[in-house]
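Here is what each chain is made of, one letter per residue.
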Amino acid sequence: MNILPRGIYPPLVTPFENEVFNPKAYTANIQELNETRLAGYVVLGSNGESAYLQNDEALEVIETAAGARATGKPLVVGTGRESTRATIEFTNQAARAGADAALVVPPSYYRAAMTEAVLEAHYRTVADASDIPLLLYHVPKFSPVTFSPEMVASLSSHPGIIGMKDTSQDMVFLTRCLSECPEDFMIYVGTANILLAGLALGAAGGVLALANIAPRECVDLCDLFKEGEISEARALQQKLLPVNQALTATYGIPGLKYAHDLLGMEGGGVRSPLQSLPLENQGAIKEILQAGLGRP
């Protein structure tokens, strides 16, 4: 039985102060999100700058999130590493720190060697040795390895592999995975740009950067779809699209963190080599938030 509910999960940003993790700010963000109907949280995903964290820092982030999240909101943690052995080790460390499930990005440094047979063996080996279940993380934008529907369908038969986050925005791929995988294999779209389309195809929900700052709107869109209010859901999807584009494709993590600060949350600084949002772009973020969300 799948431990993850359907719904919306924000991939939490990791607030830094002078490039040091700020647990107080992180706790405050999660406690504010606890008041919403988000299904759970994703920690140490791409928006959490996980690639820049050492393992000891990452474990502190997990422990902080586990202590701050509300009862009933599962914690999904990014644990993928370049080697199978390191992925297993960190996944089990994450489990001991409070993770309920692991989001595992594929290894990609030796991209040409990452055939489907190699990737499938990697994921099966990790799942066999892990203390918590896995979700596949299909994110060609950051890890330039593309999954096939056939591989996903094959891996969905493993009892320790319970779902996938798909950020590809490839609707043919998503449709085939949803049709060829078991119903309890939870596939979440990885961007708010296609949330409504994904729900219409049968996706379990979304792991959405936008849900960090617009959790209620993202949940409302799911509710409208479930209630058959398609026109209203479509209108909300269209309203949220420019906000999501700005905070992901256009301005990225610096923009998303600045939006946190504007809305009374704790974005904090980024970790170099990322740079804070330039002053000349701050006005654009304010205008986009006002137009799309009616705030700040």
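Here goes a summary of the coordinates provided. A quick note: this is a predicted structure, and the numbers were derived from the prediction, not measured.

### Some words on the overall build of the protein
Scanning the protein from N- to C-terminus turns up 11 helices and 10 strands. Projected onto its principal axes, the C-alpha positions of the protein cover 50 × 45 × 40 Å. Accessible surface for the protein amounts to roughly 12,600 Å². Of this, 52% is attributable to carbon and sulfur atoms. Considering the protein, the positive charge centre built from 21 side chains and the negative charge centre built from 32 side chains are found 1 Å apart.

### Overview of the pairing of strand β6 (residues 101-104)
The two faces of β6 match: A101 and L103 on one face and A102 and V104 on the other face are all buried. Sheet analysis places strand β5 (residues 75-78) next to β6, joined by 3 bridges and oriented parallel. Each bridged residue has a counterpart across the sheet, and for V76 the counterpart in β6 is A101. In this fold, the crossover linking β5 to β6 by way of helix α3 (residues 84-97) has right-handed handedness. As defined by bridge partners, β6 adjoins strand β7 (residues 134-138) across 3 bridges and the pair is classed as parallel. For L103, the partnering residue across the bridge sits in β7 and is L135. Handedness of the crossover is the feature at issue here: the chain leaves β6, passes through helix α4 (residues 116-129), returns alongside β7, and the resulting connection is right-handed.

### Concerning the nonpolar core
Ranked by internal contacts, the top residues of the largest apolar core, which has 84 residues, are V43, I62 and I213. What I213 contacts, discounting residues up to four positions off in sequence, is V243, L247, L256, A259, H260, L263, L289, L293 and R295.

### Side note on the sheet that holds β6
Judged by pairing direction, the sheet is parallel, and its 8 strands sit side by side in the order β1-β10-β9-β8-β7-β6-β5-β4 without closing on themselves. In the strand order of this sheet, the two ends are held by β1 (7-9) and β4 (41-43), each with one partner. Between one strand and the next, the sheet's axes are offset by a mean angle of 25°, whatever the strand orientation. Pairing of β1 with strand β10 (residues 205-207) involves 3 bridges; the strand directions are parallel. Within β10, the position partnered with G7 by the bridge is G205.

### A look at the side chain of Q237
Topologically, Q237 is positioned in helix α9 (residues 230-250). By relative accessible area, which is 10% here, Q237 ends up buried. Among the polar contacts listed, one links the side chain of Q237 to the backbone nitrogen of L196, at a separation of 2.8 Å. In this structure, Q237 is in contact with A192, N193, I194, L195, L196 and L221, ignoring residues within four places of it in sequence.

### Observations regarding the packing of helix α2 (residues 55-68) against α3
For any two helices packed against each other, the geometry comes down to the angle between their axes and how far apart the axes lie. Where α2 contacts α3, the axes come no closer than 9 Å and their chain directions differ by 35°. Pair α2 / α3 crosses with right-handed handedness. From α2, N55, A58, L59, I62, E63 and A66 reach across to α3, where they touch F90, Q93, A94 and A97. Taken together, the residues of the contact of α2 with α3 sort by class into 7 nonpolar, 2 polar and 1 charged.

### A few points about the environment of S276
You can see S276 is positioned in the loop between α10 (252-262) and α11 (279-293). Residue classification places S276 among the exposed residues on the basis of a relative accessible area of 52%. Here the alpha-carbon distance between S276 and Y258, two residues 18 residues apart in the chain, equals 8.2 Å. Every residue in contact with S276, bar those within four places of it in the chain, is listed here: P254 and V270.

### So, the environment of V152
In this structure, V152 sits in helix α5 (residues 149-155). Spatially, the C-alpha atoms of V152 and G269 are 36 Å apart, while their sequence positions differ by 117 residues.

### Observations regarding the packing of α3 against α4
The geometry of α3 relative to α4 is characterised by a closest axis approach of 9 Å and an angle of 35° between their N-to-C directions. Crossing hand, α3 versus α4: right-handed. In contact with T84, T87, I88 and N92 of α3, α4 contributes H122, T125, V126 and A129. Looking at side-chain class alone, the contact of α3 with α4 contains 3 nonpolar, 5 polar and no charged residues.

### Examining α4
With 14 residues, α4 should reach 20 Å at 1.5 Å per residue; the first-to-last C-alpha distance of 20 Å fits that figure. Within α4, burial applies to L119, E120, H122, Y123, V126 and A127. Seen from one end, α4 has its buried residues packed into an arc of 155°, which puts them on one side. The exposed residues of α4 that point more than 90 degrees off its buried face are A117 and D128. Buried residues along α4 sit in contact with α3, β6, β7, α5 and β8 (161-166).

Parameters at a glance
- Positions within a chain are numbered from 1, following the residues in the order the chain's sequence is written.
- Where local features are concerned, this predicted model is filtered to residues with pLDDT of at least 70; where side-chain atom pairs are given and counted, the filter is 80 or more; whole-chain, interface and lining totals use all residues.
- Side-chain figures throughout are based on the complete set of non-hydrogen atoms in the structure, without hydrogens or water.
- Elements are defined by DSSP. Helices are runs of H or I of four residues or more, strands are runs of E of two residues or more, and each kind is numbered from the N terminus.
- For the area figures, the Shrake-Rupley method with a 1.4 Å probe applies, and any residue is considered shielded solely by the protein chains shown.
- By the counting scheme adopted, Arg and Lys are positive, Glu and Asp are negative, and His together with the chain ends is not counted.
- We put the charge of a Lys on NZ, of an Arg on CZ, of an Asp on CG and of a Glu on CD.
- Working definition: with a 1.4 Å probe on protein chains only, accessible area under 20% of the residue-type maximum means buried, over 50% means exposed, and in between means partly exposed.
- When DSSP finds two or more bridges between two strands, those strands count as paired.
- Handedness is read with the strands pointing away from the viewer; a crossover is right-handed when the path from the first strand over the helix to the second is clockwise.
- In this text, buried Ala, Val, Leu, Ile, Met, Phe, Trp, Tyr and Cys residues form a nonpolar core when linked through side-chain atoms within 4.5 Å.
- Throughout, a contact is declared for two residues whenever any of their heavy atoms are within 4.5 Å.
- Between N-to-C directions, angles span 0 to 180 degrees; the directions come from axes that are lines fitted to C-alpha atoms, helices contributing only their stretch in contact.
- Definition of a polar contact: a pair of N or O atoms within 3.5 Å, with one able to donate and the other able to accept a hydrogen when the atoms are protein atoms, and with sequence-neighbouring residues admitted only if both atoms are side-chain atoms.
- Here a crossing is called left-handed whenever its near helix is offset anticlockwise from the far helix by less than a right angle, and right-handed whenever the offset is clockwise.
- Here the term charged refers only to Asp, Glu, Lys and Arg, the term nonpolar to Ala, Val, Leu, Ile, Met, Phe, Trp, Tyr, Cys and Pro, and the term polar to all other amino acids, Gly among them.
- By definition here, a helix of n residues has an expected span of 1.5 Å times n minus one.
- Taking the helix axis as origin, the arc is that swept by the directions to the C-beta atoms.

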